[in-house]
Every structure is written in structure tokens, then in C-alpha cells.
Amino acid sequence: MSAAPARVPSGRGRAALATDWYPASLLEKTAVGPRTLITHDGEVSRGVLYEPGTASRTVFCLMHPRQDLQRHPLIPGLLAAGHAVWAQTGREGGNDLRLVHETALLDVAAGTEFLRERGFEHIVLIGHSGGAGLYSFYTEQSLAAPFDRVARTPGGTPVRLAEAEMPAPDGLVLVAPHPGQGRLLLSMIDPSVTDENDPFSVELDLDPYHPANGFGEAPEGSHYPAEFVERYRRAQHERVARIDERARDLIDGQLAARKRFKSGSGDPADRRRGVLTPIITTYRTDADPRCTDLRLDPSDRPYGSVIGARPSVSNYGVTGFGRLTTPESWLSTWSGLSSNAALVRSLGGVAIPTLTIEFTGDCSVFPGDVQDALAALKAEDSTHLRIRADHFGRPLAGGDESGIAVTVREVVAWTEERMSR
């Protein structure tokens, strides 16, 4: 793979997001929709198509597995540049309790099929944050022969990707791409939890927020010994593996009850057990050592995580990744050991032109994560840009230009150069 060297685009100006330098009314004037799409497996996905005043041959797509991106700050700038934008919400948008990435691909497929039928010649997927894992997984599967596509979820449920129309995109843009929902959680989960039913249980030798292990509050920050970090990372894998085992046991128990009832047991308990889907609660998922020890995988980021400025507090709060899931959703989406939607795994099958945009002040995606993704990418046409901004594209300091504004310019220029070929 040959890749263009990373560079930092220049330019300073008003610190603003795209919605500040384009009127919000632009979205209402250009929206075509909302559109309701029926997926290959009969589920519902929705999206809004924004079209500029002039006809566009290229459409940019935005989607996140868990969030509604119909007002994403990139949209106004892409429209102002003369290109259409498709903003889609999947079947589990706003609630990841039952999110299964393999079926979410069928939502993406319904969107790309709609856009091809509408006549767009060039479809470019923009995966921001968690959207990067989803769109990379979709691109890999769309480029694979149908019989080579994933046939079952990590929980064992058949998925009909081989039968589905999955139009391949023409370009892939990864913006602040974290390594996949599961790999993200694998780096953030607190391994010092000793009892999954007790959010306050702790093994002190693994507690990332104990001063004896090197923890420090801002501004001094933490100074974790290398031995602690190595032991900590190993323990994170072990905790996720234990939750994986529990998820599989719960799935097996439910399937066994269904089988017994269908075989004629007549036991009401079997019927109830076969219907009931247990919920896995995962406490304390804001504990990546890199968020408080800025010497680890250094960058322009400030102290703190994408969840909170004081991870030692937010680690115990209600907000966090993978907090409530079904066993199936845990294995498919939030397990860093079992999920297929891992960026490094998916990019090994992505051979279309790919632009990777790294925000240098990101406290959720770190330089090492980006380098791992670039090393895995199969595409020969690969461009890597570094832009001074936080995970959401906001400027790091007064006087800095919005990272969203710079991203729009770079994405449009990169796309127009390739699509004109």
C-alpha cells in the first residue's frame, strides 16, 4: 500500500462550527424527505437527502450506528460546495440496547441502494467517530463476494448479507475514526471491577484512579508505570472475556429453553425463558489511562476523556459506552474481542480510495489508533491528514479555525479530484 504523507492543513480564522458559518435555514431549504426505507430483512431505516440548488453527481453519506446525524455540522459546508448529502438513521438510532452491527449493515445497504436508484454516480461514505467502524465494515462486506460475507453474528444469529444488494461506495472518508465500538470500550473499561453486580467493587492494585498506581488529577496528570499499564491492559482483556462468556451463556440458555418448549416440554417456564432477553449491565467504562496520563501516546489533547473532563468521577456516572446491552448486542457491538466491526479488521478488505482525517486534540482517538488503521488499510489510494481540533472538530484554542471548516474543504477537494477521473 502506498499512502500520501500526513500533513496538517494550514489556515486560521474564526473559531466556529459549520453551523455558525452557514445559516441553519439552508438545511430546511435543501432537505428532500424524510425518507423511510425498508431493509432487506424487513426493518425500517430513515434518512434525509439534502440536495443543493444545482444537480450533483456526487452524494456524501453520514451515518452513525447509535446516533441521528441529520444535523451533523459537516452537512452545510458540503451543500455549499455543491454536493448532495444523505444523512441516515439506522433501526436502533438513539438506543444501542439492541444494536447489532451485522444487521445495521442492511440499513446502510438500503440507503446506498436508494441513492444509486436516484441516479447518483459517486457515493462517498463519511464515517465520523463510531460511523467509521460502521462504514468500514459495510465497505468491506460490499466489496466481498456474497458467499464470503459474514453469515452469522458473533452471538450465532444468521444474518442475510449474502442475499442483500449491497452497492459498493466509490470513496471512504474516516473522520476521527475510533477503532470500533468494541475496541474503543476495550481501551476504556475499568478492569479493577471485581463484581459485575457491584459498581463499587474494586481491586486496588488495578484501580486507575488510585494515587498509589500513578493517578493524578489535572493539571499535573497521571504518571502510570509501564508495568502497571501492561498489567492493566491485560486485565481489561480478561474482564471483556468474562463478559463475553456470560453473554454466550445467556444466549445458550435462552436457545435451549426455546428448543425444549418447541420439542413439547409444555413447561411454561421454558416458554418464558425462551422469550425473555436478559440485559447486561456494564459499570465503569471511562477508564483509559491515556486520558489522564498525556505521556501515553502523546498528542495535542487536553486532560480528560470524551465522556468527562474528570474521568475519575465520570467513570462512576450514568453516561458511558456499552452500559446496557442485550447479550447479542454486547458481542456484536461492544466486545473488543468478538465484534466484527473492528476498524483494523474491516480495513483489511477496503480497497477503494480512502481519506483518513485525524484530529490532533482528540481524547477518544489516539495517534496509535490511527496508525494501526492506516497499516491495516488495503487501499493503495490512501491519504492521511492531521487537523488541529478535538474529537468533534471544535478548535483547540481561541483564534484556531474550526476543524469542521477545514475538514469540509479537504473532503471536497479530495473527492472532486478523484471523482473527476
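In the block above lies the structure referred to throughout.
Presented here is an overview of the structure given in this document. Everything numeric here is computed off the predicted structure, so don't read it as measured data.

## Brief notes about the pairing of strand E4 (residues 58–64)
Moving on, step 1. A large share of E4 lies buried, amounting to seven of its seven residues.
Moving on, step 2. Alternating positions in E4 separate into two faces, Thr58, Phe60, Leu62 and His64 on one and Val59, Cys61 and Met63 on the other, with burial throughout.
Moving on, step 3. One ladder, built from six bridges, connects E4 with strand E5 (residues 84–89); its direction is parallel. Paired with Leu62 across the two strands is Ala87, which belongs to E5.
Moving on, step 4. Handedness of the E4-helix H3 (residues 74–80)-E5 crossover: right-handed.

## A short note on unusual backbone geometry
Moving on, step 1. Cis peptide bonds are those with omega within 30 degrees of zero, and the linkage from Ala218 to Pro219 qualifies with 5 degrees.
Moving on, step 2. The residue Pro219 is located in the loop between helix H6 (181–188) and helix H7 (226–262) in this model.
Moving on, step 3. Phi angles above zero are rare outside glycine, and Ala176 is one such case at about 45 degrees.
Moving on, step 4. Along the polypeptide, Ala176 turns up in the loop between strand E7 (171–175) and H6.
Moving on, step 5. Positive phi outside glycine occurs at Asp297, with the angle close to 50 degrees.
Moving on, step 6. Position of Asp297 relative to the elements: it lies in the loop between strand E8 (280–281) and helix H9 (311–314).

## Some details on the pairing of strand E3 (residues 44–50)
Moving on, step 1. Across the seven residues that make up E3, a large majority, five, are buried.
Moving on, step 2. Bridging between E3 and E5 involves five bridges; their strand directions are antiparallel. Pairing of Gly47 across the sheet is with Gln88, part of E5.

Definitions and cut-offs
- Residue indices follow the written sequence of each chain, beginning from 1 at its first position.
- Totals for whole chains, interfaces and linings use every residue, but because this is a predicted model, local features are given only for residues with pLDDT of at least 70 and side-chain atom pairs only at 80 or more, for both listing and counting.
- Processing note: side-chain calculations cover all non-hydrogen atoms of the structure and skip hydrogens and water entirely.
- Under the scheme applied here, a residue whose accessible area is under 20% of the maximum for its type counts as buried, over 50% as exposed, and between as partly exposed, the area being computed with a 1.4 Å probe on protein chains only.
- Strands here mean DSSP runs of E at least two residues long; helices mean DSSP runs of H or I at least four residues long; both are numbered from the N terminus.
- A pair of strands is considered paired only if DSSP assigns at least 2 bridges between the two.
- By definition, the crossover connecting two strands over a helix is right-handed if that path, from the first strand to the second, turns clockwise as seen with the strands pointing away from the viewer.

Honestly, it's all geometry; don't read function into it.
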